[in-house]
Amino acid sequence: MYVCTRTSAIFLYPLHPPVASPISASLPDSMGTTSSVLTQYDIEGVQQHCHNLFSQHEIVSLYQRFCQLDRNAKGFISADEFLSVPEFAMNPLSQRLLKMVDGLNFKDFVAFLSAFSAKANMEQKIGLIFNVYDSDRNGKISFNDILEVLQDLSGVFMSNEQREKVLVQVLKEAGYTRESYLMLDDFIKQVFGNSGLKMEVEIPVD
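Because the structure is a prediction, the values reported are computed rather than measured. Per chain, residue numbering runs from 1 following the sequence as it is written. The predicted origin of the model limits local features to residues at a pLDDT of at least 70 and limits the giving and counting of side-chain atom pairs to 80 or more, whereas totals for whole chains, interfaces and linings rest on all residues. Side-chain descriptors were evaluated using all non-hydrogen atoms of the structure, hydrogens and water having been removed beforehand.

### Some points on the nonpolar core
Membership of the largest hydrophobic core comes to 45 residues, with the highest contact counts inside it found for V101, F106, F109, V110, F112 and F187. Counting from the N terminus, the helices are the DSSP runs of H or I reaching at least four residues and the strands are the DSSP runs of E reaching at least two. The greatest single-element share of this core, amounting to six residues, is contributed by helix α8 (residues 122-133). The nonpolar core is taken to be a set of buried Ala, Val, Leu, Ile, Met, Phe, Trp, Tyr and Cys residues, with the residues joined through side-chain atoms within 4.5 Å. Burial classes: relative accessible area under 20% of the type maximum marks a residue as buried, over 50% as exposed, and values in between as partly exposed (1.4 Å probe, protein chains only).

In structure tokens form, the structure reads like this:
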């Protein structure tokens, strides 16, 4: 396994969101009830909720995908249903992501995926990554937070001692110590320089 000691690299990870695919199905209402149609009013409301990062056609396709995942038409997607998506289940950070997506209704499902939109800016994409690291939602990332993610990513390919050594060196190069906390602004500064960051999902539309 190759571990890059560039500061930005330690904060990036492979994300493979559920990709929408056109299917024929009844569509659950975004508020939790069941409906056979997605009204123009609904579409515009969802589009506003995701800050217009998806087109109306994309939202309809995402709604179809949402219906496919929401097997019992409950109006929300459970953790088990998210794990039915192979790309999601195979992600080394799937358990962390599940904490963010479990129980999402359609509006929040689209809002979560909006960071993967080609229209999303770098701060929005990095903000999602920050939330993955900030598992306790206290608005800051500690040495242990980063170490836990590195453990998820490296698995058995690195020992705890190796992970700590790499992380200490990376933080030192960035001007931090193991006692430092990274706020969102700090996190953006460390990752923003990586022009190769790709977090996009293609949504097939009819």
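Further notes follow.
### Side note on the side chain of D186
In this structure, D186 sits in helix α11 (residues 184-192). Note on contacts: a residue pair qualifies if any of its non-hydrogen atoms lie within 4.5 Å across the two residues. Beyond its immediate sequence surroundings of up to four residues, D186 is in contact with Y176 and Y181.

### Brief notes about the pattern of salt bridges
A side-chain nitrogen of Lys or Arg and a carboxyl oxygen of Asp or Glu constitute a salt bridge if their distance falls within 4 Å. Evaluation of the coordinates by the stated rule reveals five salt bridges. With a closest N to O distance of 3.3 Å, E164 and R178 form a salt bridge. Taken together, the residues span a long stretch of sequence, with E164 in helix α10 (residues 160-173) and R178 in the loop between α10 and α11 at a distance of 14 residues. A single salt-bridge network, built from bridges that share partners, covers D70, K74 and E81.

### As for the UniProt feature "domain: EF-hand" (unreviewed entry) in the protein
Within this numbering scheme, the UniProt entry marks residues 57-92 and 121-156 as carrying the feature "domain: EF-hand" (unreviewed entry). As a span, residues 57-92 carries 58% helix and 6% strand, and end to end its C-alpha atoms are 31 Å apart. UniProt positions are given in the numbering used here, feature names are shortened, and annotations may be inferred rather than shown by experiment.

### Some words on the packing of aromatic side chains
Working definition: rings of Phe, Tyr and Trp (its six-membered ring) pair if their centres are within 6.5 Å, and the pair is stacked with planes under 30 degrees apart, edge-to-face with planes over 60 apart, and tilted otherwise. A full pass over the atoms with the stated rule returns nine aromatic pairs. An aromatic cluster of three or more residues is present, and its members are Y63, F66, F82, F88, F106 and F109. The side chain of K140 reaches across the aromatic face of Y181, ending 4.4 Å from its centre. Distance and angle both matter: a charge sits over a ring if NZ of Lys or CZ of Arg is within 6 Å of the ring centre and within 35 degrees of the ring normal. We note R178 situated over the ring of F143; from NZ or CZ to the ring centre the distance is 4.3 Å.

### A closer look at α10
Expected span of a helix: the number of residues minus one, times 1.5 Å. In a regular helix each residue adds 1.5 Å, so 14 residues correspond to 20 Å; α10 covers 20 Å between its end C-alpha atoms and thus fits that length. Buried within α10 we find R163, V166, L167, V170 and L171. Angularly, the buried residues of α10 cover 125 degrees about the axis, an arc narrow enough to put them on a single face. Along α10, exposed side chains directed more than 90 degrees from the buried face belong to E161, K165 and K172. Looking one or two places after α10, you find G175, whose phi comes out positive at around 90 degrees. As used here, the arc is the angular range of directions from the helix axis to the C-beta atoms.

### Section: unusual backbone geometry
Although it is not a glycine, H51 adopts a positive phi angle of roughly 60 degrees. Summarising the element assignment, H51 is placed in the loop between α2 (40-49) and α3 (56-69). On the basis of relative accessibility, which here comes to 59%, the residue H51 falls in the exposed class.

### So, the packing of α2 against helix α7 (residues 106-113)
Across the interface, α2 lies against α7 with an axial gap of 9 Å and an inter-helix angle of 40 degrees. It follows that α2 is oblique to α7 by the angle criterion. With respect to the hand of their crossing, α2 and α7 are arranged in right-handed fashion. The residues of α7 that touch α2, namely those facing G45, V46 and H49, are F106, K107, D108, V110 and A111. Residues belonging to the contact of α2 with α7 are distributed by class as follows: four nonpolar, two polar and two charged. Lines fitted to C-alpha atoms define the axes, with helix axes restricted to the stretch in contact, and inter-axis angles between N-to-C directions lie between 0 and 180 degrees. Convention used here: angles under 35 degrees read as roughly parallel, angles over 145 as roughly antiparallel, angles from 65 to 115 as roughly perpendicular, and any remaining angle as oblique. Rotating anticlockwise by less than a right angle from the far helix to the near helix defines a left-handed crossing, while the corresponding clockwise rotation defines a right-handed one. Residue polarity is assigned by list, with Asp, Glu, Lys and Arg as charged and Ala, Val, Leu, Ile, Met, Phe, Trp, Tyr, Cys and Pro as nonpolar; anything else, Gly included, falls into the polar class.

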